[in-house]
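Working through the structure, step by step
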Amino acid sequence: MEFGLFLEFGVRNGHPAGDIFREGFALTELAERLGLQSVWLAEFHFMPDRSVLSSPIAVAAALATRTSRVRIGMAVYVLPLVHPLRVAEEVATVDQISNGRFDLGIGRSGFLAQYRGYDIDYGESEARFDEALEVLKGAFAGERFSYEGRYYRVRDAALMPPAHQKPHPPMYMAATSAATFVKVARLGLPLFVGLRGDGLEPLAANIRSYRETWAEAGHPGRPQVHLRVPVYAGATPQAAVAEARPTLVYYFERQARLIASQGARPGHGPGGAAAIAARLAALTWDDIRTHYAAVGSSDQLVETLGEWRETLDIDGVMIETNPGNGLTETQAADNVSRIAEEIMPALA
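What counts as what
- Residues numbered from 1 in each chain as written.
- Predicted model: local features only at pLDDT ≥ 70, side-chain atom pairs only at ≥ 80, totals over all residues.
- Heavy atoms only, no water.
- Helix = DSSP H or I, 4+ residues; strand = E, 2+ residues; numbered from the N terminus.
- Rg over C-alpha atoms; globule rule 2.2 N^0.38 Å.
- Buried < 20%, exposed > 50% of the residue type's maximum accessible area, 1.4 Å probe, protein only.
- Contact = heavy atoms within 4.5 Å.
- Areas by Shrake-Rupley, 256 points an atom, 1.4 Å probe, with all protein chains shown as cover.
- Lys, Arg positive; Asp, Glu negative; His and termini not counted.
- Charge placed at Lys NZ, Arg CZ, Asp CG, Glu CD.
- Pairing = 2+ DSSP bridges.
- Phe/Tyr/Trp six-rings, centres within 6.5 Å; stacked < 30°, edge-to-face > 60°.
- Expected span 1.5 Å × (residues − 1).
- Arc of directions from axis to C-beta.
- Core = buried A, V, L, I, M, F, W, Y, C linked by side-chain atoms within 4.5 Å.
- Right-handed = clockwise from strand over helix to strand, strands pointing away.

Digging into the overall build of the protein
When you go through the protein residue by residue, the secondary structure sums to 12 helices and 11 strands. For a compact globule of 348 residues, the expected C-alpha radius of gyration is about 20 Å, and the protein comes in at 19 Å, within 12% of that figure. Dimensions of the protein along its principal axes, counting C-alpha atoms only, are 60 × 45 × 45 Å. Sorting the 348 residues of the protein into buried and exposed places 56% on the buried side. Sequence-distant contacts, at least 24 apart, represent 74% of the contacts inside the protein between residues at least 6 apart. A total of about 14,400 Å² of accessible surface is found on the protein, and carbon and sulfur atoms cover 52% of it. Positive and negative charge centroids in the protein, built from 33 and 41 side chains respectively, lie 3 Å apart.

A closer look at the pairing of strand β5 (residues 145-148)
The two faces of β5 differ: Phe145 and Tyr147 on one face are buried, but Ser146 and Glu148 on the other face are not. In the sheet, β5 pairs with strand β6 (residues 153-157) via three bridges, with the strands oriented antiparallel. Residue Glu148 lies in a different strand from β6, and its bridge partner there is Arg153.

Structural notes on the packing of aromatic side chains
This model, assessed by the stated rule, comprises 12 aromatic pairs. With a centroid separation of 4.9 Å and an interplanar angle of 85 degrees, the aromatic rings of Trp40 and Phe192 are classed as edge-to-face. Of the two residues, Trp40 sits in strand β2 (residues 38-41) while Phe192 sits in strand β8 (residues 191-194), which places them 152 residues apart along the sequence. Here Trp40 matches Phe192 in class, with each residue buried. With a centroid separation of 6.4 Å and an interplanar angle of 45 degrees, the aromatic rings of Phe44 and Phe111 are classed as tilted. Note that Phe44 is positioned in the loop between β2 and α2 (56-66) and Phe111 in the loop between β4 (102-107) and α4 (112-117), a separation of 67 residues in sequence. There is no split in this pair, since Phe44 and Phe111 are both buried. These aromatic residues form a ring-pair network of at least three members: Phe9, Phe21 and Phe25.

Description of helix α11 (residues 298-312)
In this model α11 runs 20 Å from its N-terminal to its C-terminal C-alpha over 15 residues, within 8% of the 21 Å that 1.5 Å per residue would give. Listing the buried residues of α11 in full gives Ser298, Leu301, Leu305, Gly306, Trp308 and Leu312. Buried residues along α11 cover an arc of 160 degrees about the axis, so they all sit on one side. Summarising the geometry of α11, the exposed residues directed more than 90 degrees from the buried face are Asp299, Glu303 and Glu310. Buried-residue contacts for α11 involve β1 (2-7), α7 (200-216), β9 (225-233), α10 (285-292), β10 (294-296) and α12 (329-347). One or two positions beyond α11, positive phi appears at Asp313, with a value near 60 degrees.

A short note on the environment of Asp287
Following the sequence through the fold, Asp287 ends up in helix α10. Excluding anything up to four places from it in sequence, Asp287 contacts Ala282 and Tyr292.

Digging into the environment of Ile339
Mapped onto the elements, Ile339 comes out in helix α12. Given the relative accessible area of 1%, Ile339 is considered buried. Sequence-wise, Ile339 and Leu36 are 303 residues apart; in three dimensions their C-alpha atoms are separated by 9.2 Å. If we ignore the near neighbours within four places in the chain, the residues touching Ile339 are Phe3, Val231, Ala233, Ile319 and Met344.

Examining the nonpolar core
Phe3, Phe9, Leu41, Leu104, Ile106 and Leu227 are the most contacted members of the largest nonpolar core, which has 105 residues in total. Residue contributions to this core peak at eight residues, all from helix α8 (residues 237-262). With residues near it in sequence (within four places) discarded, Leu227 still touches Val193, Gly194, Leu195, Leu203, Trp308, Leu312, Ile314, Gly316, Val317 and Met318. In terms of nonpolar packing, the next biggest core, distinct from the first, is built from 12 residues, Trp40, Phe44, Leu258 and Met318 among them.

A word on the pairing of β2
Here β2 shows no split at all, with Ser38 and Trp40 on one side and Val39 and Leu41 on the other all buried. Here β1 runs beside β2; their pairing, made up of four bridges, is parallel. The residue of β2 that forms the bridge with Leu5 is Val39. Taken together, β1, helix α1 (residues 17-34) and β2 constitute a β-α-β crossover, and its handedness is right-handed. Here four bridges tie β2 to strand β3 (residues 71-78), and the two strands are oriented parallel to one another. When the sheet's bridge partners are listed, Trp40 is paired in β3 with Gly73. With α2 bridging β2 and its parallel neighbour β3, the resulting β-α-β unit is right-handed.

This is how it looks when you write it as structure tokens:
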């Protein structure tokens, strides 16, 4: 099973932005030294209490110059918020700087505030995303091309620089709704998933649907599925709970507030965003630990993550090292070290 870090570069305790970037760089360098396979960067806009990662592609370029082995990915690049030809240029540039170590996760986000800030109607997000993906494919094909869509137009453009990886960096797509799982499978793209609104059993059903649709669409091979999830490995079971519980409880409370503030969005099933927010707000600590996060000693986490690998049929985990941003810098680093040295070898 592949192990990677999912980094938000989260705002916490009044720390200045420069310190937050330094901590994120340090965790990436630690991941490189300890042998983790990848580091993935979130994207957030207009959330001063959440994250400084409004330009993760710029951060990816910086990380590429500080590392030589670990893969660097976007999880995800929010395509509808920028012209896709610009995205292709940025992605190809970072792919060259990293010597072919870049992975492109794509999605459209569920935070309406990000769209409002850019004066883009969220109701257009799926159509914009679909057009953007077509432009990316045209750019990465390596020839001059044009494109005429409702939202994006390209006139006789050729991508420069070309991507280092051919025909382009590996492309992944995030999914939260049942319909999107099917869409990702039909597109033939590897999948990002998270434990957020529904828990393990509904997620397992969606992943099965994804794999079945992949096969029905005639795509070759076995598609990759990576799980984004909070993981905290403590020195003892008691220490793990004492250190992780406050920040995880806060994390899910904050997530409930954020989703509730977005209002109803398409694609979330009965009750929409309000129902998901209500479920998250009602979570107990036992709910969180059983269904939404992995917390415990290294031995306990080997068992938990092994069970999740079988239940969900996943190929890797993207570890949220500091959800809620409540851990100290030392605690976050110790967590990564235990995962790399005590858990990864048992699940390789």
